[in-house]
Amino acid sequence: MENIVPLFVIVPLTAVFLMLIIGRFVRGFSKVLSVFLFAFLVALSLFYIFRGDHISQVYQVGGWKDSGNIPIAIYLLLDPLNVFVLFIINLMALFSTIYSVNYITRYTGENYYYTLFGIMIAGLNGVVIAGDLFNLYVFLEITVIASYALVAFGTAREELEASFKYQVLGGIATTLILFSIGMIYWYTKTLNMPDISRILETSEDLKLVQFCQLMLIAGFGLKAAIMPFHGWLPDAHSSAPAPVSAMLSGVVIKAAGLYVIFRLFFNMFQLTYEISVLITAIGTLSMVVGVFLAIGQWDLKRLLAYHSISQMGYVIIGAGMGMMILSVNGNKLIASLAITGGLFHMVNHAVFKGLLFLNAGAVEYRLGTRDLNKMGGLYEKMPFTSSSSLSASLAISGIPPFNGFFSKLLIIIAAVQAKYYVLATLAVIVSIITLASFMKFQRYAFYNHKSHHGNIKEVPFLMVFSMVSMAVLCLALSLLLIPEIRNFILQPAVDILMGRNEYLINLLNQ
Amino acid sequence: MIVFILCFILFLVGLFGVLTSRNIIKIVIGLSFMEFSVFLFLALIGYVDNGQIPIVSGEATSRVYVDPLPQAMVLTAIVIGLATNAMLLAVAIRIYKKFRTFDIRKITSLKG
Amino acid sequence: MSIIVKKVCQLISGIIFLYGIYIILHGHLTPGGGFAGGIFLSGAFILLVLANGSHVMNLRHEEEKASVIEGLAILIFVLLTAAGFFIGARVFFGNFLPKGHLGELISAGVIPLYNIMVGIEVGASLLTIFLALVIYKEEISP
């Protein structure tokens, strides 16, 4: 059972290098292999969810067992929190690849697109399953370099400038992360995450650890595009090709940014009150400022990119409230509710933001423009695009019965019960302003009767298939709150984040 | 102690280059400086007093070895820095082909 | 470049290539290994391109050949990793060849094979990057 853990990284890498050699000589080989590869990875993660008995699996690369009590191998972990994020990564990759079979035909170098996409997904899977700090850094770099190349894929003027800005800022963040990893190694003499957790638990409180925590927040916060570090996001996400934007905004800023922050701060470091207040303050700032910057946008994909910043603020508020309550030893049930809301909103946002970016890509594929002033009346001509876009807009604004409503409701209820009334009020106000902004988007793009575009048909079948499947998934994910399904999928993930002792006991006594 | 202060000065030199350069290639060189200062810091933390080179030879007695783990980390990080630099330079030369200039004040087609 | 520079570079680049092979093969005995040796390997070819000028050879053809060699080398590396899964200790990256005595050239199991594959791969990829940048320069200002 534990032999399936490295397959998440080795199978994509093998497929990518096969694509690089054979795809030069055989046309159409890369597309078919990509679709089968991501379907296989989705099936593998579903296999662990349903047959894994919720035990954390540890895989020691190379078979090096612990000597004494010190772990010396490279660890790869798979526990209920990991597999949840892995499932969403690979599912979104599958839908994006099906969408891009038709969309990428207008760029040259299709073979390189599928290769870079596969490398990005292999790196993301590696970030999620990594069990020690330095392998996390290596897989993070693989992902981020592939995404630099994908943002600049079309080599138009704006794409190159956006990619250059993204690269320089990402390079500075990488430097900060590596420096912080070096400092932690100097203090604890080990790189293994459960081992560092055990050492930091029994050592004195030192300002050095706080310094490392701040630099890790800065470095990973830049990869997650939270508020003071968000400068690259509108340019990069609006200039990339549409399936790449869906992957970047839907999955990469969560798996390579927020998931790592949660894993490190809940499970590796000791929770302190000052750091929790800092994280919640950053989340509130992103939530409020992101939505105010998004209202005045007339470019379709820039509007969606600014809304990504705001919704990331929701996730950080959920987890930050949980951290604040746990660090002062408050009520564990309220903390569990807040963290459940945060994780659930992370998954929901991946699905509906990905769907919105794919819709924007479909509109651009037929009309050739991204300006909201020049569109209108597409409701009759493109029925599938407009109805899936309507369901995604209702989901992001928090209208029942779509999934966005339930996750925002959990966060607001947790804020009210923990007596953080300011946060709850701000969350409700931001949700109302999001609804106004998306009603503007729907009206100008689809329902304005200004149809002077000539004869435009619907987009090809494979693009429609992936958009409609994701719209159905928006409704189906709200079923995760039924108590039996929640105890099977969501609750073990939250327990891993909240319970430190089970994490240590499970992993170090293998 | 003095070597760590010199590492930090190298980091600041790189940061100054990234912040105030007008040429794209100088921004790339400044980012390289910042990465190299972190590599130097990583290689210095593994020092043990009176340590030998960490290579086990035939007559293996119990000696004091310098810590080999930061050296392995620096090797991997150097290769990652090489890939980052190659990617930056490829995009920089494409920017020159489209915009006909290397001046960062004239490459402002994205606003808002 | 003048004729003296061209002839000296032709003589030296063979020695550099040989030194690179030496560093790769002794990667489990002395410092160095795959990465450093691979950079030496590519340095020999890059020196020849720099000395003789870029109009002498058909650059796109060379770049395609280097790219295919890079892909093949990394594919053999991943297949060796997966072969450790089926033979011997049944783990990935397992060491399944016999290990020999300490300090000899043919020892330490499968590690010299990993070094050779990584060395070829790093050398070919640096050569591909360099040739791609030279091709871009020719497109901008011939």
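For every chain, the first residue of the written sequence is number 1, and numbering continues from 1 along that sequence. For this description, chains carry letters from A and ligands carry numbers from 1, given in the order in which they are written. Selection of residues for local features in this predicted model requires a pLDDT of at least 70, selection of side-chain atom pairs for listing and counting requires 80 or more, and totals for whole chains, interfaces and linings are taken over all residues. Side-chain numbers come from the whole structure's heavy atoms, not from hydrogens or water.

Undergrad: Sorry if this is basic, but what is going on with the overall build of chain C here?
TA: Strands here are runs of E lasting at least two residues and helices are runs of H or I lasting at least four, both read from the DSSP assignment and numbered beginning at the N terminus. Regarding its fold elements, chain C presents four helices and zero strands. Over its C-alpha atoms chain C spans a radius of gyration of 18 Å, topping by over 25% the 14 Å that the globule rule assigns to 142 residues. Counting only C-alpha atoms and orienting by the principal axes, one finds that chain C spans roughly 55 × 30 × 15 Å. Classification of residues uses two cut-offs on accessible area relative to the type maximum, computed with a 1.4 Å probe and protein chains only: under 20% is buried, over 50% is exposed, and between them is partly exposed. In chain C, which comprises 142 residues, the share counted as buried stands at 38%. Between the two quantities, the radius of gyration covers C-alpha atoms and the globule rule is 2.2 Å times the number of residues to the power 0.38.

Undergrad: Is there a simple way to think about the interface of chain B and chain A in this case?
TA: Interfaces are often sized by the accessible area lost when the parts come together. Here, residues are in contact when the closest pair of their heavy atoms is within 4.5 Å. At the interface, 37 residues of chain B touch 35 residues of chain A. Here the quantity called buried area is the total loss of accessible area, with a 1.4 Å probe, experienced by two parts when brought into contact, counted for both. A buried area of about 3200 Å², summed over both sides, lies between chain B and chain A, and 77% of it is on carbon and sulfur atoms. Each reported salt bridge corresponds to a side-chain nitrogen of Lys or Arg within 4 Å of a carboxyl oxygen of Asp or Glu. Put simply, chain B and chain A have zero salt bridges between them. Counting of polar contacts relies on pairs of N or O atoms within 3.5 Å, with two restrictions inside protein: one atom must be capable of donating a hydrogen and the other of accepting it, and residues adjacent in sequence are counted only when both atoms are side-chain atoms. Counting the contacts that link chain B with chain A gives two residue pairs in polar contact (both at pLDDT 80 or more). Only α1 (2-20), α2 (24-44) and α3 (69-99) of chain B provide two or more residues apiece to the side of chain B that touches chain A. Each residue is assigned to one of three groups, with Ala, Val, Leu, Ile, Met, Phe, Trp, Tyr, Cys and Pro labelled nonpolar, Asp, Glu, Lys and Arg labelled charged, and all others, Gly among them, labelled polar. In the side of chain B that touches chain A, the residues fall into 27 nonpolar, five polar and five charged.

Undergrad: Explain the pairing of strand β1 (residues 57-61) of chain A to me, please; I cannot follow it from the model alone.
TA: Look at any regular strand and the pattern is simple: side chains alternate between the two faces of the sheet. Residue and element names in this part refer to chain A. Among the five residues in β1, five count as buried, and that is most of the element. Alternating residues of β1 divide into Gln57, Tyr59 and Val61 and Val58 and Gln60, and every residue in both groups is buried. In the sheet, β1 pairs with strand β2 (residues 74-78) via five bridges, with the strands oriented antiparallel. Within β2, the position partnered with Val58 by the bridge is Leu77. Here, a strand pair is defined by DSSP locating no fewer than two bridges between the strands.

Undergrad: Would you mind showing me how to read the layout of surface pockets here?
TA: Any empty space left between atoms is shown by rolling a water-sized probe over those atoms. All names here are of chain C. Taken as a whole, the second largest pocket holds about 410 Å³ of empty space. Cavities and pockets are found on a 1 Å grid laid over the protein atoms alone: a cavity is a set of points where a 1.4 Å probe fits but cannot escape, a pocket is an open set with protein on both sides within 12 Å along at least five of seven lines, and a lining residue has an atom within 4 Å of such a point. Lining the second largest pocket are 19 residues, with Phe45, Glu62, Ala66, Ile69 and Leu127 positioned closest to its centre. Contributions of two or more residues to the lining of the second largest pocket are made by α2 (34-52), α3 (59-86) and α4 (111-140). A per-element tally of the lining of the second largest pocket places α2 first, with six residues. For the lining of the second largest pocket, a count of residues per class yields 13 nonpolar, four polar and two charged. Grid points are joined across faces, edges and corners, and a volume is the space filled by probe spheres set on the points.

Undergrad: Would you explain the nonpolar core in this entry?
TA: As a rule of thumb, nonpolar side chains are buried together in soluble globular proteins. Residue and element names in this part refer to chain A. Core analysis: the biggest nonpolar cluster contains 209 residues, and Leu133, Phe220, Leu264, Phe269 and Phe441 have the highest contact counts within it. No other element matches the 19 residues that helix α10 (residues 242-268) contributes to this core. The residues contacting Phe441, other than those within four sequence positions of it, are Leu300, Leu303, Leu356, Leu372, Ser389, Ser393 and Phe446. In plain words, nonpolar cores are sets of buried Ala, Val, Leu, Ile, Met, Phe, Trp, Tyr and Cys residues tied together by side-chain atoms within 4.5 Å. By size, the runner-up hydrophobic cluster in this structure holds 16 residues, among which are Tyr314, Ile411, Ile412 and Val430.

Undergrad: What should I look at first to understand the confidence of the model for chain B in this one?
TA: When pLDDT drops low, the exact placement of atoms in the prediction is not to be read closely. The predictor attaches a confidence to each residue, and that confidence, scored 0 to 100, is pLDDT. Per-residue confidence for chain B gives a mean pLDDT of 89, with 96% of residues at or over 70. The spread of mean pLDDT over the elements of chain B runs between α3 of chain B, the lowest at 92, and α2 of chain B, the highest at 94.

Undergrad: Can you walk me through the confidence of the model for chain C in this structure?
TA: Residues and elements named next belong to chain C. Confidence in the prediction for chain C averages 86 pLDDT; 96% of positions are at 70 or higher. For chain C, the element scoring lowest by mean pLDDT is α3, at 86; helix α1 (residues 3-25) scores highest, at 93. Two summary scores accompany this predicted model of the complex, namely pTM at 0.93 and ipTM at 0.95.

Undergrad: What is the right way to look at the interface of chain B and chain C in this model?
TA: Across the contact, 15 residues belong to chain B and 11 residues belong to chain C. For the pair chain B and chain C, the summed buried area comes to about 1100 Å², and 80% of that belongs to carbon and sulfur atoms. On the surface where chain B and chain C come into contact, there are zero salt bridges. Connecting chain B to chain C are one residue pair in polar contact (both at pLDDT 80 or more).

Undergrad: Please clarify how the environment of Ile21 of chain A should be interpreted in this entry.
TA: If you trace the backbone, Ile21 of chain A turns up in helix α1 (residues 7-22). Between the C-alpha atom of Ile21 of chain A and that of Asn111 of chain A, which follows or precedes it by 90 residues, the distance is 9.8 Å. Those residues within four positions of Ile21 of chain A in sequence are excluded, and the remaining contacts are Gly71, Leu72 and Leu75 of chain C.

Undergrad: Explain the packing of aromatic side chains here, please?
TA: Two aromatic rings, taken as a pair, are described by how far apart their centres are and by the angle between their planes. Whether two aromatic rings pair depends on their centres lying within 6.5 Å, for rings of Phe, Tyr and Trp, where Trp uses its six-membered ring; planes under 30 degrees apart make the pair stacked, over 60 edge-to-face, and the rest tilted. If you walk through the whole model with that rule in mind, you get 29 aromatic pairs over all chains. Relative to Phe102 of chain B, the ring of Tyr96 of chain B has its centre 4.8 Å away and its plane inclined at 25°; by these criteria the two rings are stacked. Assessed through its relative accessible area of 27%, Tyr96 of chain B is described here as partly exposed. Every member of this aromatic cluster is reached through a ring pair, and the members are Phe38, Tyr107, Tyr113, Tyr114, Phe117 and Phe153 of chain A. Both a distance and an angle decide whether a charge sits over a ring: NZ of Lys or CZ of Arg must be within 6 Å of the ring centre and within 35 degrees of the ring normal. The ring of Trp298 of chain A is capped by Lys440 of chain A, whose NZ or CZ atom sits 4.2 Å from the centre of that ring.

Undergrad: Which parts of the structure should I look at to understand α1 of chain C?
TA: Helical periodicity: at 3.6 residues per turn, an α-helix aligns residues three or four positions apart in one direction. All names here are of chain C. Multiply 1.5 Å by the residue count of a helix minus one, and that product is the helix's expected span. Over its 23 residues, α1 runs 34 Å from end to end, which matches the ideal 33 Å to within 8%, given 1.5 Å per residue. Listed in full, the buried residues belonging to α1 are Cys9, Ser13, Gly20, Ile23 and Ile24. In this fold, the buried residues of α1 make contact with α2 and α4.

Undergrad: When you look at the side chain of Arg263 of chain A in this model, what are you seeing that I'm missing?
TA: Residues and elements named next belong to chain A. Tracing the chain through its elements places Arg263 in helix α10. Polar contacts involving the side chain of Arg263 include one to the side chain of Asp79, which spans 3.2 Å. A polar contact of 3.1 Å, which involves the side chain of Arg263, links it to the side chain of Asn82.

Undergrad: Just checking my understanding: could you explain unusual backbone geometry for this structure?
TA: For residues besides glycine, phi is generally negative; the peptide bonds are generally trans as well. Residues and elements named next belong to chain A. The amide bond that connects Pro400 to the next residue, Pro401, takes the cis arrangement and shows omega of 0°. Along the chain, Pro401 falls in the loop between α14 (383-397) and α15 (403-417). One non-glycine residue, Lys419, lies in the positive phi region at around 65°. Examined against the element boundaries, Lys419 turns out to sit in the loop between α15 and α16 (421-447). Given the relative accessible area of 60%, Lys419 is considered exposed.

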